[in-house]
Amino acid sequence: MGNTIGIRHEDKYELERRAPLIPNHIKQLIDLEGIKFFVEKSDKRVFDDDEYKSAGAQIVDNIDQCEVVFGVKEMPDTLFRKGVAYIFFSHVIKGQDYNMSMLKNIIKKGSTLIDYERICDSNGKRLIFFGRFAGLAGMINSLWAFGRRHSELGKDTPLANLKQSYSYASLETAKNDILQYGDEFSSNRKKYFNKPVVIAITGDGNVSKGALEIAELLPGRELTVNQFLNKDYSMNDSFLKLNILPEDYLTHLDGRPFDLFHYFEYPDQYQSTIEEILPHIDLFVNGIYWDERYPRLITKKWLKKNFKIGLGPSVIGDISCDVNGSIECTEKATEIEDPVFVYDPGSDSTKMGFHGKGVAVMAVDILPSELPRESSFHFSGALKPFVKQISECNFDDTFEDLQLSDEVKNAVIVHNGRLTDAYQYLEKFIP
């Protein structure tokens with residue numbers, strides 16, 4: 001007999017409405033595989049309880065009876081039970097301070113932790129992700145923030161009519177607004193700006209692809225960094241859209257040709273030249289993976305020096321949202337209800353909202369939840385093929401004997417209260 005599976009009610013954020021598995025996929029797993037599902041009651045989940053009930057799941061007040069629990073975001077320290085496997089985005093693999101108490105409790109209680117982020121193919125490519133939807137929602141929010149910030153600065157452009165992602169009934173409705181208001185902006189751009197608006201999007205992963213998908217809706221020219229620096233555009237263009245890749249701003253100290261894999265292994269042998277590009281950018285949208293070994297994209301020192309002479313972005317959309325990370329002035333992750341703060345480089349201080357001196361920063365860290373139905377549908381479709389093996393796995397076995405595919409087994413961070421060999425390095429971060 002297989003494990004019973006629980007779908008948890010999300011409680012980390014008030015507006016977290018996503019689900020790891022959608023009702024239609026649960027129905028298929030029940031009908032075809034005979035898996036037993038319990039779904040915790042929720043009055044805010046984008047798919048309501050009746051939809052799960054119609055799919056064949058049991059709706060319950062809690063999922064204490066389940067041997068496997070699926071969620072989306074981090075779970076409370078008090079939730080974990082001995083012998084139970086929990087699958088969610090744990091955000092612990094970098095030793096993040098804010099989640100070490102949770103990891104410690106998982107170990108203490110003798111639980112198992114599987115992290116979606118570590119379910120990858122043999123080439124290290126992630127197989128289950130919300131990334132594209134973070135990019136989609138993040139770019140919508142960044143354009144909305146750009147419109148709102150410039151209204152605050154006295155330029156009421158059509159972009160101020162955009163809404164925050166979560167306020168749209170669907171992704172298509174948001175796209176239609178961007179097409180409309182982008183065209184209106186383009187028709188009257190010189191009324192607001194005496195040059196093209198330069199939008200830079202960093203990275204080439206799923207997040208960046210989602211952001212680029214939205215940026216493509218705006219009228220204007222898509223340029224490489226070299227084309228932009230060589231002024232291969234017209235001053236009559238409304239928007240200039242740059243996709244900044246690592247090879248565009250990272251150079252080897254010895255002048256060797258850029259090699260991405262070599263950079264990943266030896267980042268200390270490279271230097272960043274991105275500060276040559278930054279003065280010309282109006283809206284900077286960040287979608288890269290970053291850790292402390294890599295150079296920052298925008299430092300507080302650069303902002304302090306350049307903001308007072310009117311150079312650099314007026315708005316930053318930090319989709320990656322590494323606190324004090326690649327965008328050093330991202331002092332905190334923001335909530336959907338209050339998504340933007342203004343960072344004042346002069347005083348090194350922040351103020352929530354759009355008012356004040358400095359650069360506006362949008363740093364929501366649960367962006368896919370602003371498109372909850374579409375993002376859950378996509379995520380559930382990627383997760384569904386792995387559910388059967390997890391439901392049939394005997395987690396009481398030794399780690400070596402777990403009947404899991406390599407993709408899933410490599411994502412087991414803790415097994416029955418013990419860090420697995422691949423994640424023993426986390427021990428030094430646990431208080």
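Everything numeric in this text was worked out from a predicted model, so none of it was measured.

(A) Highlighting helix α11 (residues 300-307). Burial in α11 covers these residues: K300, W302, L303 and N306. With its buried residues spanning 155° around the axis, α11 presents them on a single face. Residues of α11 that are exposed and angled more than 90 degrees away from the buried face: K301 and K305. The elements touched by buried residues of α11 are β14 (340-344) and β16 (359-362).

(B) Main features of the nonpolar core. F37, F70, F88, Y116, V387, F395 and I413 are the most contacted members of the largest nonpolar core, which totals 61 residues. Element by element, the count of residues in this core is highest for helix α12 (residues 372-392), at 6 residues. In this structure, L162, Y168, Y192 and L283 belong to the second largest nonpolar core, which totals 45 residues.

(C) Structural detail: the sheet that holds strand β18 (residues 418-419). In spatial order, the strands read β3-β2-β1-β4-β5-β6-β17-β18; together these 8 strands make up an open sheet with mixed pairing. The open sheet has two edge strands with one neighbour each: β3 (58-60) and β18. Pairing of strand β17 (residues 412-415) with β18, which is carried by 2 bridges, proceeds in the antiparallel orientation. The residue bridging H415 from the neighbouring strand is R418, located in β18. Sitting on the sheet, α12 touches β1 (5-7), β2 (37-40), β4 (68-70) and β5 (85-88), and the angle it makes with β4 is about 165°.

(D) Quick look at the pairing of β14. With 5 of its 5 residues buried, β14 lies for the most part within the structure. Alternating residues of β14 divide into V340, V342 and D344 and F341 and Y343, and every residue in both groups is buried. Strand direction decides the pairing type here: β14 and β16, joined by 4 bridges, are antiparallel. Within β16, the residue paired with Y343 across the bridge is V359. Judged from the 4 bridges that link them, β14 and strand β15 (residues 349-352) form a sheet pairing that is antiparallel. Bridge pairing in β15 links D344 to S349. Count of turn residues in the β14/β15 antiparallel hairpin: 4 residues, of which D348 carries a positive phi of about 50°.

(E) Representation of the pairing of strand β13 (residues 315-318). Taking every second residue as pointing to the same face, both faces of β13 are buried, with V315 and G317 on one and I316 and D318 on the other. As paired elements, strand β12 (residues 283-286) and β13 share 4 bridges and run parallel to each other. The partner of N286 across the bridge, within β13, is D318. Between β12 and its parallel partner β13, the chain crosses via α11, and the hand of that crossover is right-handed. Here β13 runs beside β16; their pairing, made up of 3 bridges, is parallel. Bridge assignment links G317 to a residue of β16, and that residue is M362.

(F) Region of the structure containing helix α1 (residues 23-33). Where α1 is concerned, the buried positions are P23, H25, I26 and L29. All buried residues of α1 fall inside an arc of 165° around its axis, so they share one side. Exposed side chains of α1 directed beyond 90 degrees from the buried face belong to D31 and L32. Elements that come into contact with the buried residues of α1 comprise β1, β2, α2 (49-55) and α12. The positive-phi residue at the C-terminal boundary of α1 is G34, with phi of around 70°.

(G) Summary view of the sheet that holds β16. Reading across from one edge, β8-β9-β7-β12-β13-β16-β14-β15 is the order of the 8 strands in this open sheet, with mixed pairing throughout. With partners counted over all chains shown, the strands left at the sheet margins are β8 (221-223) and β15, one partner each. In this sheet, neighbouring strand axes are inclined to one another by 20° on average, regardless of whether the strands run parallel or antiparallel. Inspection of the sheet shows strand β7 (residues 197-202) paired to strand β9 (residues 239-244) by 6 bridges, in the parallel sense. Counted as the bridge partner of T202 is I244 from β9. Across the face of the sheet, helix α7 (residues 206-215) comes into contact with β7, β9 and β12 while running at roughly 155° to β7.

(H) Fine view of the side chain of T330. Within the secondary structure, T330 is located in the loop between β13 and β14. For T330, a relative accessible area of 0% gives the class buried. A distance of 2.6 Å separates the side chain of T330 from the side chain of D318, its partner in a polar contact. Those residues in contact with T330 that sit more than four places away from it in its chain are D318, D322, V323, N324, F341, V361 and A363.

(I) Seen up close, a negative patch on the surface. Together, E14, D43, E335, E337 and D338 make up a negatively charged patch on the protein surface. Mapped onto the elements of the fold, E335 is located in the loop between β13 and β14.

(J) Examining the environment of E152 more closely. For E152, the position within the fold is in helix α4 (residues 131-152). Since its relative accessible area comes to 39%, E152 is described here as partly exposed. Sequence-distant contacts of E152, defined by excluding residues within four places in its chain, comprise F354 and H355.

(K) Up close: the pattern of salt bridges. For the coordinates displayed, the defined rule picks out 17 salt bridges. Put simply, D291 and R293 hold a salt bridge, and the shortest N to O gap is 3.3 Å. Overall, the relative accessible area of 44% leaves R293 in the partly exposed class. Linked by salt bridges that have partners in common, K12, K73 and E74 make up one network.

Conventions and cut-offs
Residues numbered from 1 in each chain as written. Predicted model: local features only at pLDDT ≥ 70, side-chain atom pairs only at ≥ 80, totals over all residues. Heavy atoms only, no water. Buried < 20%, exposed > 50% of the residue type's maximum accessible area, 1.4 Å probe, protein only. Helix = DSSP H or I, 4+ residues; strand = E, 2+ residues; numbered from the N terminus. Arc of directions from axis to C-beta. Contact = heavy atoms within 4.5 Å. Core = buried A, V, L, I, M, F, W, Y, C linked by side-chain atoms within 4.5 Å. Pairing = 2+ DSSP bridges. Axes fitted to C-alpha atoms, helices over the stretch in contact; angles between N-to-C directions. Right-handed = clockwise from strand over helix to strand, strands pointing away. Polar contact = N/O pair within 3.5 Å; in protein donor to acceptor, adjacent residues only side chain to side chain. Patch = residues over 30% accessible without salt bridge, like charges linked within 9 Å, V, L, I, M, F, W, Y side chains within 5 Å. Areas by Shrake-Rupley, 256 points an atom, 1.4 Å probe, with all protein chains shown as cover. Salt bridge = Lys/Arg side-chain N within 4 Å of Asp/Glu carboxyl O. Lys, Arg positive; Asp, Glu negative; His and termini not counted. Charge placed at Lys NZ, Arg CZ, Asp CG, Glu CD.

So far we have only geometry, and geometry alone does not tell us how the molecule works.
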